[in-house]
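# Examination of the molecular architecture
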Amino acid sequence: MTIKIENLTLSYGDSVAVRNLSLEIEQGEALVLLGQSGCGKTSTMRCIAGLETPDEGRISVDGEVLFDADRGVNRPSHKRNIGMVFQSYAIWPHMTVFENVAFPLRMKKLPKAEVARRVEEAITVVGLDGFAERGASMLSGGQMQRVALARSIVMEPSVMLLDEPLSNLDARLRHRLRTDLRELQHRLGLTAVYVTHDQEEALALADHIAMMQFGRIVQIGRPDEIYGRPLSASIADFLGVANIIPVRPLDARSVGFEGTDIGIQVEPYDDRAGELRACIRAEDILLGDDAPAESANTLEGEIVAREFLGATATFRVRIAPGVELDVFGTKQQANRTREGERVRVHLPVEAIQVLPTEAPELAEHVREGAA
Ligand SMILES: Nc1ncnc2c1ncn2[C@@H]1O[C@H](COP(=O)(O)OP(=O)(O)OP(=O)(O)O)[C@@H](O)[C@H]1O
Ligand SMILES: [Mg+2]
């Protein structure tokens, strides 16, 4: 099923949760909505599911219009064949796991044997074998979440909306379920919209990632594109880029750290974008002997902090007053380096991105102060 959203706007009273959002999701595709808390992810999903009435816009699935504000079309939620796993999963505490999962199938009056088969299957997929007869109120949070997930996949909907379906699970189970979900989605040819706060989960599950800020989509692309080429410093920040440093343009291929006379070479950048930031991941910076001595982008600084992380370590290196870089190092480097020591760091040109603070379309919005 192809989902097409055009110019969707949803407000709750005076506050606008989704702003003129347009998005297309291809048949069989998994799209991940990524963005900070309150940016409108759940609201967007609720509009697709038919649980909110948008102020404006159009939503269609496979060319069939489910919602159209102009034409007054609004198909009720239960007639949309869309499965949704909520962030706050609602399961019925007075029913067993089996009954919870069977509920939507019984509503459809499917034959008993088929219900049993499909429920067993779904319970296995989410790893709850042996729990079928357990009362739902006697489950852990993560188990309840998996019941909610099973109840949604048992319907074999053509579109699945998953709002942080794995957030309450431990790392191992989350990893396993995320692989299972991906496999299930491919096997059933499901079109899925997924919300997660977990960056790794987003990168692993998504065919495309849509970055949301303030109710808008500010960037959309394949995981490697979003990860490698964020459009703004605030997106880079959200994606875990540790070093985001205010810079001023020097010439077409170099910038200077604000408040210092230190310049570095960079790839060509757009200097019309207003305030600029040099963005560089901690793991891309070379430290100590790894940093080539004779290079424009090799700087010297003092280690001001050191954090041992087991296999690796993070160092904070002060290059100048007010300019500090987070740098990943090995545990060997952590062992032989002390706070207060002077070290070399090297910033590879290709690892630095000079970006505007905000994505262009958002910059205007932020200036308006309408956030
Ligand atoms: N029922 C509601 N009534 C009023 N405002 C709401 C309601 N639901 C959400 N909002 C507001 O709309 C905005 C978007 O909320 P939404 O739940 O879509 O965010 P989200 O991106 O899902 O965040 P999170 O990652 O925290 O779940 C927020 O500012 C929120 O406070
Ligand atoms: Mg939410």
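Residues numbered from 1 in each chain as written. Chains lettered and ligands numbered in written order. Predicted model: local features only at pLDDT ≥ 70, side-chain atom pairs only at ≥ 80, totals over all residues. Heavy atoms only, no water.

An unreviewed UniProt entry lists the chain under the name ABC transporter ATP-binding protein, with Leucobacter albus as the source organism.

### Overview of the overall build of the chain
Per the secondary structure count, the chain includes ten helices and 21 strands. A principal-axis box enclosing the C-alpha atoms of the chain has dimensions of 75 × 50 × 35 Å. Counting across all 371 residues of the chain, residues that qualify as buried make up 49%. For the chain, the share of sequence-separated contacts (at least 6 apart) that also reach a separation of at least 24 residues comes to 63%. (Helix = DSSP H or I, 4+ residues; strand = E, 2+ residues; numbered from the N terminus. Buried < 20%, exposed > 50% of the residue type's maximum accessible area, 1.4 Å probe, protein only. Contact = heavy atoms within 4.5 Å.)

### Here's the deal with the nonpolar core
Counting 46 residues, the largest nonpolar core has Val 101, Val 119 and Leu 149 as its most contacted members. A domain-level breakdown of this core finds at least three residues from each of domain 1 (3–228) and domain 2 (233–368). Val 119 has contacts with Phe 98, Val 101, Ala 102, Leu 105 and Val 154, leaving out every residue within four places of it along the chain. (Core = buried A, V, L, I, M, F, W, Y, C linked by side-chain atoms within 4.5 Å. Domains from an automatic or database assignment.)

### Side note on the side chain of Arg 19
Among the secondary structure elements, Arg 19 is positioned in strand E2 (residues 15–25). Its relative accessible area of 18% is what places Arg 19 among the buried residues. A polar atom in the side chain of Arg 19 sits 3.2 Å from the backbone oxygen of Phe 214. (Polar contact = N/O pair within 3.5 Å; in protein donor to acceptor, adjacent residues only side chain to side chain.)

### Let's talk about helix H5 (residues 171–188)
For H5, built from 18 residues, the straight-helix expectation of 26 Å at 1.5 Å per residue is met to within 8% by its first-to-last C-alpha distance of 25 Å. For H5, every residue scored as buried is listed here: Leu 173, Leu 177, Arg 178, Leu 181, Arg 182, Leu 184 and Gln 185. Buried residues in H5, looked at end-on, bunch into an arc of 165°, giving them a common side. More than 90 degrees from the buried face of H5, the exposed residues found are Arg 172 and Arg 187. Where H5 begins, one side-chain oxygen reaches toward the backbone nitrogen of Arg 172, 3.1 Å away; that side chain belongs to Asp 170. Where H5 ends, the next residue or the one after it, Gly 189, has phi of about 65°, a positive value. (Expected span 1.5 Å × (residues − 1). Arc of directions from axis to C-beta.)

### Observations concerning the site of ligand 1
The immediate surroundings of ligand 1 are formed by eleven residues, with Ser 37, Gly 38, Lys 41, Thr 42 and Ser 43 found nearest. Ser 37 has a polar side-chain atom sitting 2.6 Å from an oxygen atom of ligand 1. The contact in question runs from an oxygen atom of ligand 1 to an N or O atom on the backbone of Gly 38, over 2.8 Å. Contact with the protein chains removes 60% of the 630 Å² of surface that ligand 1 exposes when unbound. Looking at the shell around ligand 1, the element that brings in the most residues is helix H1 (residues 41–49), giving three residues. Of the residues assigned to the shell around ligand 1, the class counts are three nonpolar, seven polar and one charged. (Near = heavy atom within 4 Å. Areas by Shrake-Rupley, 256 points an atom, 1.4 Å probe, with all protein chains shown as cover. Nonpolar A, V, L, I, M, F, W, Y, C, P; charged D, E, K, R; others polar.)

### Examining the sheet that holds strand E19 (residues 323–330)
Taken together, five strands build an open sheet; the order of strands is E16-E20-E17-E18-E19 and the sheet is antiparallel. The sheet is open, and its two edges are formed by strand E16 (286–287) and E19, each paired on a single side. Bridge analysis of E16 against strand E20 (residues 342–346) gives two bridges, and the strand direction is antiparallel. Bridging across to E20, Leu 287 finds its partner in Val 345. (Pairing = 2+ DSSP bridges.)

### Focus: the packing of aromatic side chains
Given two aromatic rings, their pairing is described by the distance between the two centres and the angle made by the two planes. Tallying each qualifying case throughout the model produces one aromatic pair. Geometrically, the ring pair formed by Trp 92 and Phe 103 is tilted, given 4.4 Å between the ring centres and 50° between the ring planes. Remark: Phe 103 occurs in helix H2 (residues 97–107) and Trp 92 occurs in the loop between strand E7 (82–85) and H2; sequence separation between them is eleven residues. Judged by relative accessible area, Phe 103 falls into the partly exposed class, the value being 29%. (Phe/Tyr/Trp six-rings, centres within 6.5 Å; stacked < 30°, edge-to-face > 60°.)

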